[in-house]
2 protein chains.
Amino acid sequence: MRVIIDVMGGDRPEEIVRGAFLSAKKFGDTKFVAVGDKAFVYKIAAEENAGGLLDVIDASEVVSNDESPTMAIKTKKDSSMVKSLYALKDDDDAIGMVSTGSTGAVLTGGSLIIGRLPGIYRPTLLSQIPNEVGGVTCIADSGANVDAHPEWLYQFAVMGSAYMRAMTGKEKPSVALLSVGTEEHKGNELTRAAYALLKNSNLNFLGNMEAREALSGDYDVLVCDGYDGNILIKSTEGAAKTIMSLLKQNVMASASAKIGYLFMKKALRNLKNYMDFNNYGGGPFLGIKKAVIKAHGASKASSVYNSVIQIRKIHDGKVIEAISREVAEVNE
Amino acid sequence: MRVIIDVMGGDRPEEIVRGAFLSAKKFGDTKFVAVGDKAFVYKIAAEENAGGLLDVIDASEVVSNDESPTMAIKTKKDSSMVKSLYALKDDDDAIGMVSTGSTGAVLTGGSLIIGRLPGIYRPTLLSQIPNEVGGVTCIADSGANVDAHPEWLYQFAVMGSAYMRAMTGKEKPSVALLSVGTEEHKGNELTRAAYALLKNSNLNFLGNMEAREALSGDYDVLVCDGYDGNILIKSTEGAAKTIMSLLKQNVMASASAKIGYLFMKKALRNLKNYMDFNNYGGGPFLGIKKAVIKAHGASKASSVYNSVIQIRKIHDGKVIEAISREVAEVNE
């Protein structure tokens, strides 16, 4: 089997190539295909003493974050993004792809080139965030669909549940609906209608959840539209950044706190490490015919490696087949 | 002038009464009216050696968080909430009211009993959150209107701006629209339409802002519907709670970190203090004819005192008059 890695488009192409080599060294049963500037990949191969370990598809163009995703997918035929998507689509042995490039282009290209599964209203981009009890919680949708309908949210729950089953081994991952209060009647028009659908589903639906509990670890899948998912994730990121900055300000203002900081350095580094997105892979784009992982633009090699693990779990856990089957059952 | 304090309905009535006494001792130019169980207030007055410092209106009922706000406002005529609202409405000298009771009842009662200002589509509940640069940022709306229209968001911006002018002394507080990206075209249907209105307004509108920047201090007023405001605030709260809990876990796992913690104790306490809502007063409910502050259910005396300062600033800054005038100008 093969995994396709779009090595361009992110902030650190060199790290992505190194992540591809790291993955190739770890997983002997899989062939890795790096798509991007061939000379660049070969240069790093020489440094890694790893000539021949990767297949390379040369691509002369890069899709940037600033351009229109639809235009880019339609016109930049020689970009690493478009060539990666075709390499995934056209090769029956290819089980998935990782890209750190433009999110919009991954979503548009995933839908246009790889194609939606039958019966899917809208594919969803999931995000995984580390929670308080040492696991990850996934947010579906995390930004692909800013204006959603209740039936879409229902499908996001089905997809998130199938994905988390493969990740955690739980037969019935728990699902909660992001809302402004836990009672059934709390929410806006969208979530109240989605609640009714989820309540009558076969999912392990635990009801509404407030944003305050998102990181508690009590839920495997949080369902929301992409607008609210984006706000949830970015508020969390922003709060973490602000608290660390305020802590630093308070430490720097006191001599004894500076001494304390030295003793606590390792604990603080562990905390930082725990919150580092690189340790959790990227966000799977689900509802299309193959596994596509959108990893963070600033990803390091470890993020690529962890995204490869996600692709393998999606493959081994037959997540895409499960989504197909479960969505068909729901639509009946 | 008079300020009305609903002393019941929150989690700590005794603290609210003490906050009323604290305010009465600080502000000799103002008469404070405590509304609630008379015997209970007198008991605390005796402990505080402050008999006669407060006016008291006896109220035998309490509106709880579990009951329907509309039913409670309509039927519990002898509740501290309803009696406070009438005390505010019927007394020309009363400049504002603080309640730590049910948010829904404060909003419903504020609209039904105090009444909307002419031309206001929907009153808005603001929240203030401490930001990274030592000030507060206000969120309008923070939960009163879960399904909003673009014109409502425009009015929330006008109201938030008038309020922050009085709080900060800035002639033109900066306003940003909460969205999923900074570019003008980013957002959902609601925010894209609101963007167009705000862009052509007289407000100091700086464009879209991502949730990650909410605490940066770059903006005085963040405009959003109550659903997204709620998610933003609760995500921030949840992230703060989780980070502190993870920090503790990491500290407890290491002997040297425990020593470090002792040296850093004061800095950590300062940080905790900085994030303590009691130091920032409550959330003003704007768009009605008088100043009503909804303070946190778990408020301590200091929160009541800080809410009184807000009421005085709203009064001195003629915020309600400004909202009336500016909304009329916009509607023309």
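Preceding block: the structure.
Computed from a prediction, not measured in an experiment: that's the story for all the values here.

## Focus: the overall build of chain A
Here is step 1 of the chain: The secondary structure content of chain A amounts to eleven helices and twelve strands.
Here is step 2 of the chain: The C-alpha radius of gyration computed for chain A amounts to 21 Å, which stays within 12% of the reference 20 Å derived for 332 residues, consistent with globular compactness.
Here is step 3 of the chain: For chain A, the C-alpha atoms occupy an extent of roughly 65 × 60 × 35 Å along the three principal directions.
Here is step 4 of the chain: Out of the 332 residues belonging to chain A, those deemed buried represent 58%.
Here is step 5 of the chain: In chain A, the proportion of contacts linking residues at least 24 apart, taken out of those at least 6 apart, comes to 71%.
Here is step 6 of the chain: When the accessible surface of chain A is totalled, it reaches about 13200 Å², and 50% of it is carbon and sulfur.
Here is step 7 of the chain: If you average the places of the 38 positive and of the 39 negative side-chain charges in chain A, the two averages end up 5 Å apart.

## Let's talk about the sheet that holds strand S5 (residues 124-125) of chain A
Residues and elements named next belong to chain A.
Here is step 1 of the chain: The mixed open sheet is built from seven strands, whose spatial order is S3-S2-S1-S4-S12-S11-S5. Each edge of the open sheet is held by one strand with a lone partner, namely strand S3 (54-58) and S5.
Here is step 2 of the chain: Pairing geometry for strand S11 (residues 283-286) and strand S12 (residues 291-294), over three bridges, is antiparallel. The residue bridging Pro 284 from the neighbouring strand is Ile 293, located in S12.
Here is step 3 of the chain: Here helix H4 (residues 80-90) sits on the sheet and contacts strand S1 (2-6), strand S2 (31-36), S3, strand S4 (94-99) and S12; the angle it forms with S4, its principal contact strand, is near 165°.

## Quick word on the relation of the copies chain A and chain B
Here is step 1 of the chain: Of the transformation placing chain A onto chain B, the axial shift is 0.0 Å and the rotation is 180°, giving an RMSD of 0.0 Å. Between the two chains, the operation in question is that of a two-fold axis. Distance from the rotation axis, computed per C-alpha, reaches its smallest value in chain A at Gly 260 of chain A: 1.8 Å.
Here is step 2 of the chain: Both copies share a contact surface, since 98% of the interface residues of chain A are interface residues in chain B too.

## Notes on helix H6 (residues 150-168) of chain B
Residues and elements named next belong to chain B.
Here is step 1 of the chain: Taking 1.5 Å per residue as the helical rise, H6 with its 19 residues ought to reach 27 Å, and the 26 Å between its terminal C-alpha atoms agrees with that figure.
Here is step 2 of the chain: Where burial is concerned, most of H6 is hidden: 15 out of the 19 residues are buried.
Here is step 3 of the chain: Phi turns positive, to about 80°, at Gly 169, one or two residues after H6.

## Details of the interface of chain A and chain B
Here is step 1 of the chain: Taken together, the contact between chain A and chain B spans 50 residues of the former and 49 residues of the latter.
Here is step 2 of the chain: Taken over both partners, the interface formed by chain A and chain B buries close to 4700 Å², and the fraction arising from carbon and sulfur atoms is 66%.
Here is step 3 of the chain: On the chain A side of the contact with chain B, Glu 132, Arg 212 and Tyr 227 of chain A bury the most area, a combined 15% of that side's loss.
Here is step 4 of the chain: At the junction of chain A and chain B, the tally comes to six salt bridges.
Here is step 5 of the chain: Among the salt bridges present, the one from Lys 234 of chain B reaches Glu 210 of chain A, with a minimum N-O distance of 2.1 Å.

Calculation notes
- Residues numbered from 1 in each chain as written.
- Chains lettered and ligands numbered in written order.
- Predicted model: local features only at pLDDT ≥ 70, side-chain atom pairs only at ≥ 80, totals over all residues.
- Heavy atoms only, no water.
- Helix = DSSP H or I, 4+ residues; strand = E, 2+ residues; numbered from the N terminus.
- Rg over C-alpha atoms; globule rule 2.2 N^0.38 Å.
- Buried < 20%, exposed > 50% of the residue type's maximum accessible area, 1.4 Å probe, protein only.
- Contact = heavy atoms within 4.5 Å.
- Areas by Shrake-Rupley, 256 points an atom, 1.4 Å probe, with all protein chains shown as cover.
- Lys, Arg positive; Asp, Glu negative; His and termini not counted.
- Charge placed at Lys NZ, Arg CZ, Asp CG, Glu CD.
- Pairing = 2+ DSSP bridges.
- Axes fitted to C-alpha atoms, helices over the stretch in contact; angles between N-to-C directions.
- Least-squares fit on C-alpha atoms with pLDDT ≥ 70 in both.
- Expected span 1.5 Å × (residues − 1).
- Buried area = accessible area lost by both parts, 1.4 Å probe.
- Salt bridge = Lys/Arg side-chain N within 4 Å of Asp/Glu carboxyl O.

Interpretation note: all reported values are geometric properties and have no functional meaning in isolation.
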